[in-house]
Amino acid sequence: MPRSFLPYGLHSIDDEDRAAVDESLRGDWITSGPTIARFEAALGEVCSAPYVVAVNSGTAALDIAVGALELEPGSEAITTPLTFAATANACLYHGVRPVFADIDRHTWNLDPEEVRKRITSKTRLIICVDYSGQPADIDDLRALADAHGLHLIEDAAHSLGATSRGRPVGSLCEMTTLSFHPVKHVTTGEGGAVTTANEQLYRRLLLLRNHGIDRDASARYGPMAGWAYDIKVLGRNYRLTDFQCALGISQLRKLKRFIDKRRALVSRYQDRLPPDVTMVKQMPDRQSSWHLLPVLVPEGVSRDAVFTYMRQAGIGVNVHYIPVYRHTYYRKEIPTRPEDYPITERVFSRLLTLPLHPGMEMSDVDEVCGILGSACLERTP
Ligand SMILES: *Cc1c(COP(=O)(O)O)cnc(C)c1O
């Protein structure tokens with residue numbers, strides 16, 4: 001069947017998913033029902049995490065994760081500029097200043113050595129991102145965090161199902177945040193979650209998800225007060241619905257299959273990419289779950305020309321990401337000099353995301369590689 005446009009990412013929904021949502025909608029609970037805990041338990045299994053709090057976006061997950069740390073306003077959090085702005089925004093919601101550190105030249109993940117250089121007396125937190133699906137350098141970051149008494153949050157929006165030294169993402173950090181946006185590994189429409197092994201943080205995450213409401217208010221109003229609740233902290237409504245969780249449970253059953261397909265597509269890309277197109281380097285002790293397939297166009301070739309050529313040919317290439325410090329809001333609030341981030345700038349100037357999602361065929365990869373090859377040839381000055 002001819003296709004007019006191949007997007008860079010796409011959800012995969014089948015009859016089983018539709019049946020799961022339908023069944024949920026026929027039940028008694030639309031929201032705050034028993035499917036939430038079932039979804040959280042299924043995520044806990046995948047992530048080897050004792051506690052999971054499901055919320056209604058990855059952004060909400062980041063917001064409550066930073067909130068649960070109860071940092072003093074004016075504190076600093078060190079993070080990567082090569083991410084979606086939500087990572088850094090989560091800090092600003094809490095009066096915490098994001099400080100960007102440059103990325104590693106091979107993995108394009110946060111460079112622990114650059115993080116170390118940015119630590120000040122105000123630093124309280126490091127937020128790493130598992131860029132494209134490959135876990136960040138967690139061991140070095142944790143050593144750094146421990147040495148300086150810092151918290152460590154892993155934004156794992158790209159890396160559900162990935163492992164580092166055999167351990168699954170979701171079990172590597174104090175808190176890990178996930179996203180279930182349609183382009184991510186599994187979807188609930190919109191959705192997200194925080195995983196943790198820390199019970200105290202878990203209690204705070206639960207409060208923050210639901211208006212700061214604590215139902216156990218009998219101490220204040222007496223044991224007979226069945227109506228009692230108490231607002232303990234300034235929370236939000238970040239609850240996920242039962243039918244979304246039903247979709248999430250059904251999607252999680254297919255996670256391994258989705259990731260296997262993504263890995264197979266990536267190895268096809270590896271074989272077929274035009275010469276001089278560079279893939280993000282993989283570390284031998286980590287197994288990426290491949291959310292994105294970012295490449296660098298060859299030196300001397302215009303990325304923007306390649307982008308336009310491929311879009312005109314119906315290939316949904318993209319750029320992940322515009323470095324966060326380049327956005328207008330960040331230029332105003334957190335003035336930085338792009339020249340302080342030479343690796344990020346160099347990667348960004350040649351960066352291109354190629355289509356990658358489980359619904360693709362090997363022949364799609366061949367087509368993308370063919371068009372990319374023509375685009376690079378045509379656009380070589
Ligand atoms: C997708 C994404 C988010 C935000 O997730 P939403 O569910 O869209 O709110 C945060 N960080 C990164 C790195 C992401 O890719």
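Structure: see above.
This report concerns the structure included in the present document.

### A few points about the overall build of the protein chain
1) Next: Scanning the protein chain from N- to C-terminus turns up 14 helices and 15 strands.
2) Next: Whereas a compact globule of 381 residues would reach a radius of gyration of roughly 21 Å, the protein chain reaches 22 Å, a difference of no more than 12%.
3) Next: Principal-axis analysis of the C-alpha atoms gives the protein chain an extent of 80 × 55 × 40 Å.
4) Next: Across the 381 residues that make up the protein chain, the buried fraction comes to 55%.
5) Next: A separation threshold of at least 6 residues defines the contact pool for the protein chain, and within that pool the share at least 24 residues apart is 73%.
6) Next: Both charge centroids of the protein chain, one from 43 positive and one from 47 negative side chains, sit 2 Å from each other.

### Re the pairing of strand β9 (residues 192–196)
1) Next: Within β9, 5 of the 5 residues are buried, which leaves the element mostly enclosed by the surrounding structure.
2) Next: Of the two faces of β9, the one holding G192, V194 and T196 and the one holding A193 and T195 are both buried throughout.
3) Next: Strand direction decides the pairing type here: strand β1 (residues 51–55) and β9, joined by 5 bridges, are antiparallel. Note on β9: the bridge partner recorded for V55 is G192.
4) Next: As paired elements, strand β8 (residues 175–179) and β9 share 5 bridges and run antiparallel to each other. Across the sheet, the residue bridging to T177 is V194, located in β9.

### Some details on unusual backbone geometry
1) Next: Put simply, H320 and Y321 share a cis peptide bond, and its omega is 10°.
2) Next: As for its position among the elements, Y321 is in the loop between α11 (303–312) and α12 (328–333).
3) Next: Residues other than glycine seldom take positive phi values, yet S132 does so here, at roughly 70°.
4) Next: Position of S132 relative to the elements: it lies in the loop between β4 (123–129) and α6 (138–148).
5) Next: A positive phi angle is found at H211, which is not glycine, with a value near 65°.

### With respect to the site of the ligand
1) Next: As a structural note, the neighbourhood of the ligand is formed by 16 residues, with G58, T59, D155, S179 and K184 the closest of them.
2) Next: T59 has a polar side-chain atom sitting 2.5 Å from an oxygen atom of the ligand.
3) Next: Here a nitrogen atom of the ligand sits 2.8 Å away from a polar atom, N or O, in the side chain of D155.
4) Next: Burial of the ligand by the surrounding chains reaches 92%, relative to a free accessible area of 380 Å².
5) Next: For the shell around the ligand, the elements supplying multiple residues, two or more each, are α3 (58–68) and α4 (86–92).
6) Next: By residue number, the principal contributor to the shell around the ligand is α3, which donates 3 residues.
7) Next: Its residues assigned to classes, the shell around the ligand comprises 6 nonpolar, 8 polar and 2 charged.

### Observations concerning the sheet that holds β1
Pairing between the strands of a sheet comes from backbone hydrogen bonds, and it takes one of two forms, parallel or antiparallel.
1) Next: Taken in spatial order, the 7 strands line up as β1-β9-β8-β5-β4-β2-β3 in an open sheet, and their pairing is mixed. Where the open sheet ends on each side, the last strands, each with one partner, are β1 and β3 (97–100). Direction aside, neighbouring strands of the sheet carry axes that sit 25° apart on average.
2) Next: Of the pairings in the sheet, the one linking strand β2 (residues 76–79) to β4 comprises 4 bridges and is parallel in character. Bridge assignment links T79 to a residue of β4, and that residue is I127.

Reading guide: rules and limits
- Residues numbered from 1 in each chain as written.
- Predicted model: local features only at pLDDT ≥ 70, side-chain atom pairs only at ≥ 80, totals over all residues.
- Heavy atoms only, no water.
- Helix = DSSP H or I, 4+ residues; strand = E, 2+ residues; numbered from the N terminus.
- Rg over C-alpha atoms; globule rule 2.2 N^0.38 Å.
- Buried < 20%, exposed > 50% of the residue type's maximum accessible area, 1.4 Å probe, protein only.
- Contact = heavy atoms within 4.5 Å.
- Lys, Arg positive; Asp, Glu negative; His and termini not counted.
- Charge placed at Lys NZ, Arg CZ, Asp CG, Glu CD.
- Pairing = 2+ DSSP bridges.
- Near = heavy atom within 4 Å.
- Polar contact = N/O pair within 3.5 Å; in protein donor to acceptor, adjacent residues only side chain to side chain.
- Areas by Shrake-Rupley, 256 points an atom, 1.4 Å probe, with all protein chains shown as cover.
- Nonpolar A, V, L, I, M, F, W, Y, C, P; charged D, E, K, R; others polar.
- Axes fitted to C-alpha atoms, helices over the stretch in contact; angles between N-to-C directions.

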